[in-house]
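What follows is the residue order along each chain.
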Amino acid sequence: MNVYTKERGLKKLKAGVTFADYKAKFPTAIKVNVPNMQTLKKWTYKGSCKAPDGCIVEPDGNCSHGFDSWLLILGYI
Ligand SMILES: [Zn+2]
């Protein structure tokens, strides 16, 4: 499972670590599904992108909750 925090960025939980464990340490953590390449290409083409919390943002922008776009997080911009 992948998790995201503004402080630590994108992390993959190690085997045996639950989301509840991680959230206890990092209360702002959210569960995320990392978008696949096809989705990222579509967002680049459309000129809009999603942030980890589901907001629609500029490809090189962030949402009102402070999350960067997936294209920024994954280093495509
Ligand atoms: Zn947001």
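Here the structure is a predicted model, which is why all the values come from computation and not from measurement. Note on numbering: residues in each chain are counted from 1, in written sequence order. A pLDDT threshold of at least 70 governs which residues receive local features in this predicted model, and a stricter bar of 80 or more applies before side-chain atom pairs are shown or counted, although totals over entire chains, interfaces and linings include all residues.

**Some thoughts on the environment of I56**
Now for step 1: Numbering of helices and strands runs from the N terminus, with a helix taken as a DSSP run of H or I at least four residues long and a strand as a DSSP run of E at least two residues long. Position of I56 among the secondary structure elements: in strand β5 (residues 56-57).
Now for step 2: Partly exposed residues are those whose C-beta has more than 12 but fewer than 20 other C-beta atoms within 10 Å; 20 or more makes a residue buried and 12 or fewer makes it exposed, with C-beta atoms placed from the backbone. Using a count of 13 C-beta atoms within 10 Å as the deciding quantity, one classes I56 as partly exposed.
Now for step 3: Separated by 13 residues in sequence, I56 and S69 place their C-alpha atoms 8.2 Å apart.
Now for step 4: Placing C-beta atoms from the backbone, we regard two residues as in contact once those atoms come within 7 Å. Those residues in contact with I56 that lie beyond four places of it in its chain are S48 and K50.

**Observations regarding the pairing of strand β1 (residues 2-5)**
Now for step 1: Sheet topology note: the β1/strand β2 (residues 9-12) ladder contains four bridges and is antiparallel. When the sheet's bridge partners are listed, T5 is paired in β2 with G9.
Now for step 2: Paired strands are those between which DSSP finds at least two bridges. If you look at the hairpin formed by β1 and β2, you'll find three residues sitting between the two strands.
Now for step 3: Summarising the sheet, β1 and strand β3 (residues 30-32) pair through three bridges and their orientation is antiparallel. Note that in β3 the partner of N2 across the bridge is V32.

**Details of the sheet that holds β1**
Now for step 1: Ordered in space as β2-β1-β3, the three strands form an open sheet in which the pairing is antiparallel. Two strands lie at the open edges of the sheet, namely β2 and β3, each paired on one side alone. The sheet shows a mean angle of 35 degrees between the axes of neighbouring strands, taken without regard to direction. Throughout, an axis means a line fitted to C-alpha atoms (over the contacting stretch in the case of helices), and angles, computed between N-to-C directions, take values from 0 to 180 degrees.

**A word on the domain arrangement of the chain**
Now for step 1: When the domains of the chain are assigned, the result is domain 1 (1-32) and domain 2 (35-77).
Now for step 2: On the side of domain 2, five residues touch domain 1, which itself brings six residues to the contact.
Now for step 3: Put simply, the parts of the chain that give the side of domain 1 that touches domain 2 at least two residues each are β2 and β3. Segmentation of the chain into domains, including their bounds, is taken from an automatic or database domain assignment.

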